[in-house]
Amino acid sequence: MADESKALQELEDMFAAARADPPALPLHLNTAILADAARVQPGGQTAANVRAERQPMWSQLFEAVGGWPALGGLTAACAAGLWIGLAPPSFVPDPAALAGYEENGTAVPYDSYDMAMVLSEDLQ
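Since this is a predicted model, take the numbers as computed values, not measurements. (Residues numbered from 1 in each chain as written. Predicted model: local features only at pLDDT ≥ 70, side-chain atom pairs only at ≥ 80, totals over all residues. Heavy atoms only, no water.)

1. So, the overall build of the protein chain
Basically, it comes down to this: Put simply, DSSP marks the helices as runs of H or I at least four residues long and the strands as runs of E at least two long, and each gets a number from the N terminus on. Here the term buried applies to any residue with accessible area under 20% of the maximum for its type, exposed to any over 50%, and partly exposed to those in between, with areas from a 1.4 Å probe on protein chains only. Exposure was quantified through the Shrake-Rupley algorithm and a 1.4 Å probe, taking into account, for residues, occlusion by the shown protein chains and nothing else.
When its secondary structure is counted, the protein chain shows six helices and zero strands. Helices (α) and strands (β) of the protein chain occur, in sequence order from the N terminus, as α-α-α-α-α-α. Burial statistics for the protein chain: of 124 residues in total, 1% are counted as buried. Accessible surface, the protein chain as shown: approximately 11,600 Å² in total, 64% of it carbon and sulfur.

So this is what it looks like as structure tokens:
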């Protein structure tokens, strides 16, 4: 318990030292804040007077996705999905087999069964 209170006191001393000497605001940030404040003050340009420049649809979509890093990840995921779909690893079941597709050597699919047999199986 004593060690915990000593550690908390040391931490509190560090916070107090940091509060005593706050970092200075960078000059470019200060200039940007003052310019923005002057723009929105009465007598300056209002938001209604400033018309936003219209961006193309692809640019808006690009920004909505998240820019180049997100687009790169999306492209990599699509490529991996296509690769796994076309050449699945051995532990992934074949999607064609799951869909019930079987390849047989006959050119005409109805040569391999008798219609009467199929109908008699349905009636039973």
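2. With respect to the pattern of salt bridges
In a structure, side chains of opposite charge can pair up when their charged atoms sit close to one another. The line we're drawing: Salt bridges are identified by distance alone: a Lys or Arg side-chain nitrogen within 4 Å of an Asp or Glu carboxyl oxygen.
Scanning the entire structure with this criterion turns up two salt bridges. Residue Glu12 is joined to Arg19 by a salt bridge in which the shortest nitrogen-to-oxygen separation is 3.6 Å. For Glu12, a relative accessible area of 39% gives the class partly exposed. Salt-bridge contacts for Arg39 lead to Asp36; the nearest nitrogen and oxygen are separated by 2.7 Å. Here Asp36 and Arg39 lie together in helix α2 (residues 27–40), a separation of three residues that amounts to about one turn. On the basis of relative accessibility, which here comes to 46%, the residue Arg39 falls in the partly exposed class.

3. Some remarks on the packing of aromatic side chains
Quick reminder of the rule: Pairing of aromatic rings covers Phe, Tyr and Trp, the last through its six-membered ring, and needs centres within 6.5 Å; plane angles under 30 degrees mean stacked, over 60 mean edge-to-face, and all others mean tilted.
Following the criterion strictly, the structure yields one aromatic pair and no others. An angle of 70° between the planes, with centres 5.0 Å apart, marks the rings of Phe62 and Trp68 as edge-to-face. Assessed through its relative accessible area of 66%, Trp68 is described here as exposed.

4. A word on a nonpolar patch on the surface
For the record, the criterion: Residues qualify for a patch when their relative accessible area is over 30% and they have no salt bridge, like charges being joined within 9 Å and the nonpolar side chains of Val, Leu, Ile, Met, Phe, Trp and Tyr within 5 Å.
A contiguous nonpolar surface patch, about 550 Å² in accessible area, is contributed by Met57, Trp58, Leu61, Val65 and Leu74. The element that contributes the greatest number of residues to the nonpolar patch is helix α3 (residues 57–65), accounting for four residues. Mapped onto the fold, Trp58 is located in helix α3. Given the relative accessible area of 63%, Trp58 is considered exposed.

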